Amino acid sequence: MNLEAVRHFRFEPVTQSYTRRDTMLYALGLGFGSDPLDPAQLDFVYEANLKAVPSICCVLAHPGFWAKRPEFGIDWLKLLHGEQHFEIHVPMPAEGTVRANYEIVAVADKGAEKGAILHLVKTLDDAVSGLKLATVRSMLFLRGDGGCGSFGDVPAEPGALPEEAPSQTCDIATLPQSALIYRLSGDYNPIHADPAAAAKAGFDRPILHGLCTLGIATRGVLAMFADGRPERLLSLSARFSRPVFPGETIRTEFLSVGDQIRFRSRVLERDVVVLDRGTAVLRD
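Caption draft 1: Looking closely at the overall build of the chain. Along the chain, the regular secondary structure elements total six helices and 10 strands. Taken against the 2.2 N^0.38 rule, which gives 19 Å for 284 residues, the C-alpha radius of gyration of the chain at 18 Å falls within 12% of a compact globule. Each of the three principal axes of the chain carries a C-alpha extent, and together these read 55 × 45 × 45 Å. Residue burial in the chain is summarised as follows: out of 284 residues, 49% are buried. Sequence separation of at least 24 residues holds for 72% of the intrachain contacts in the chain that already meet a minimum separation of 6. Separation of charge centres in the chain, based on 30 positive and 35 negative side chains, amounts to 3 Å.

Caption draft 2: Inspection of the pattern of salt bridges at higher detail. Inspection of the entire model under this criterion finds 14 salt bridges. Glu253 serves as the salt-bridge partner of Arg264, at 3.5 Å between the closest nitrogen and oxygen. Taken together, the residues span a long stretch of sequence, with Arg264 in strand S9 (residues 260-267) and Glu253 in strand S8 (residues 249-257) at a distance of 11 residues. Arg264 sits in the buried class, given a relative accessible area of 14%. Because the salt bridges share partners, they merge into one network encompassing Glu253, Arg264, Arg266 and Asp271.

Caption draft 3: A look at the side chain of Arg262. Turning to its location among the elements, Arg262 is positioned in strand S9. Put simply, Arg262 is tucked away with no salt bridge, and the nearest opposite charge, on Asp276, sits 6.8 Å away. Of note is the side chain of Arg262, whose polar atom sits 2.6 Å from the backbone oxygen of Gly159. Side-chain polar atoms of Arg262 contact the backbone oxygen of Gly278, separated by 2.9 Å. In contact with Arg262, other than residues within four places in its own chain, are Gly159, Ala160, Leu161, Glu253, Phe254, Leu255, Val257, Arg277, Gly278 and Thr279.

Caption draft 4: Here's a closer look at the sheet that holds S9. Pairing in this open sheet of 10 strands is antiparallel, and the strands run S1-S3-S4-S5-S2-S7-S10-S9-S8-S6 from one edge to the other. Unpaired on one side and paired on the other, strand S1 (14-18) and strand S6 (168-173) mark the two borders of the sheet. Across this sheet, the average inter-strand angle for adjacent strands is 20°, counted without regard to direction. The sheet contact formed by S1 and strand S3 (residues 96-109) spans five bridges and is antiparallel. Bridging across to S3, Val14 finds its partner in Ala100. Helix-sheet contacts for helix H6 (residues 210-225) involve strand S2 (79-88), S6, strand S7 (233-240), S8, S9 and strand S10 (272-282), and the interaxial angle to S7 is about 135°.

Caption draft 5: Examining the environment of Ile250 more closely. By the element assignment, Ile250 lies in strand S8. The class of Ile250 is buried, set by a relative accessible area of 1%. Sequence separation between Ile250 and Val272 is 22 residues, and the spatial gap between their C-alpha atoms is 9.9 Å. Not counting the four nearest positions on each side in its chain, Ile250 is found in contact with Cys170, Asp171, Ile172, Thr174, Thr213, Ile216, Val244, Ser265 and Arg266.

Caption draft 6: How the structure looks around the packing of aromatic side chains. Enumeration over the complete set of coordinates arrives at 10 aromatic pairs. Between Phe11 and Tyr102 the ring centres are 5.7 Å apart and the planes differ by 45°, which places this aromatic pair in the tilted class. In this pair, Phe11 is assigned in the loop between helix H1 (3-8) and S1 and Tyr102 in strand S3, connecting sequence segments 91 residues apart. Residue Tyr102 is classed as buried on the basis of its relative accessible area, which comes to 11%. When the ring of Phe254 is compared with that of Phe263, the centres are 6.2 Å apart and the planes differ by 55°; the resulting orientation is tilted. You can call Phe263 buried: its relative accessible area is 0%.

Analysis parameters
Residues numbered from 1 in each chain as written. Predicted model: local features only at pLDDT ≥ 70, side-chain atom pairs only at ≥ 80, totals over all residues. Heavy atoms only, no water. Helix = DSSP H or I, 4+ residues; strand = E, 2+ residues; numbered from the N terminus. Rg over C-alpha atoms; globule rule 2.2 N^0.38 Å. Buried < 20%, exposed > 50% of the residue type's maximum accessible area, 1.4 Å probe, protein only. Contact = heavy atoms within 4.5 Å. Lys, Arg positive; Asp, Glu negative; His and termini not counted. Charge placed at Lys NZ, Arg CZ, Asp CG, Glu CD. Salt bridge = Lys/Arg side-chain N within 4 Å of Asp/Glu carboxyl O. Polar contact = N/O pair within 3.5 Å; in protein donor to acceptor, adjacent residues only side chain to side chain. Pairing = 2+ DSSP bridges. Axes fitted to C-alpha atoms, helices over the stretch in contact; angles between N-to-C directions. Phe/Tyr/Trp six-rings, centres within 6.5 Å; stacked < 30°, edge-to-face > 60°.

Below, the structure is given as C-alpha cells:
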C-alpha cells in the first residue's frame with residue numbers, strides 16, 4: 001500500500017437524490033413488513049406515514065469502490081468491512097437530496113503479517129438546506145497491507161460485552177432472497193448474488209451484506225426500545241464478526257449498561273455471532 005497516496009487522497013463530494021420508493025425498498029431489504037398488521041413496521045414500507053430507517057444513512061451517496069484505485073496499491077481482494085458506526089444528528093428524511101463528504105482519517109499498521117486498519121468518515125448533509133444529517137464511520141481491515149506505516153488518530157476500539165445473559169432478545173428471519181432485495185439499495189458486489197463469485201471468495205453460496213445485518217440490528221433496537229420511532233435513535237455501532245447466509249434467522253441479544261444499549265447478533269441455525277460489541281444510544 002502507498003501510504004502517502006492514501007493519506008493525501010481527497011474524495012470528490014457525492015450527491016444523491018433518493019425517493020420514497022428508495023426508502024421503502026431499503027426497509028424491505030431489512031425485512032420490514034413481515035407482519036402486515038404491525039403498524040410500526042408499516043410506517044417504514046408504506047407511503048401514508050413513511051419514515052426512514054436511521055441506518056439508511058450508511059448506504060446513501062456511496063463513493064464507489066475507491067480502494068481499487070491503482071495509485072493506492074491496496075490489496076483490495078483481502079479487504080474486509082470490520083466495524084460500522086453511525087450518529088444521527090436530525091432524523092433522516094423519507095426522501096430528498098443528500099451530499100456526502102468522505103475522509104480517510106487514520107491508518108493503523110498492525111505489522112507486516114497482521115494487516116492494517118483504515119478508518120473512513122462520511123459526513124452526510126442535506127444538499128438543499130445544508131443541514132448536517134449524520135456522521136458515518138467505517139473501519140476497514142486491510143489484511144494484505146500490514147507493514148506500510150500509520151497516520152492519524154485511531155478511535156478507541158469498542159469494549160467487549162459484559163459476560164452475562166441478555167435481558168431481552170429479538171429474532172428476525174431473513175428471506176432466501178434478502179440479499180437480492182437489499183443489493184438494490186446500492187451495493188452490487190456479486191458475492192451477494194452470484195454463486196460463482198461467492199465461491200471465489202470462499203463461500204459455498206452468496207452471503208448477506210454486512211450492512212444489511214447492521215440494519216436488522218437497528219430494526220431490533222427500534223422495535224424493542226424505541227416503540228418503532230426512528231427519531232429516538234441517536235447512534236449505533238457494531239463489529240462484523242461472521243457472515244450471514246440469506247434465509248437464516250438473526251437473534252439480537254440486548255444488555256442495558258448505564259445509558260447505553262449493548263448488543264450482539266447471532267445466527268440461530270449455526271449458533272455463531274455475526275455482530276459483536278454493539279452499542280446503541282437513544283434520545284429521551
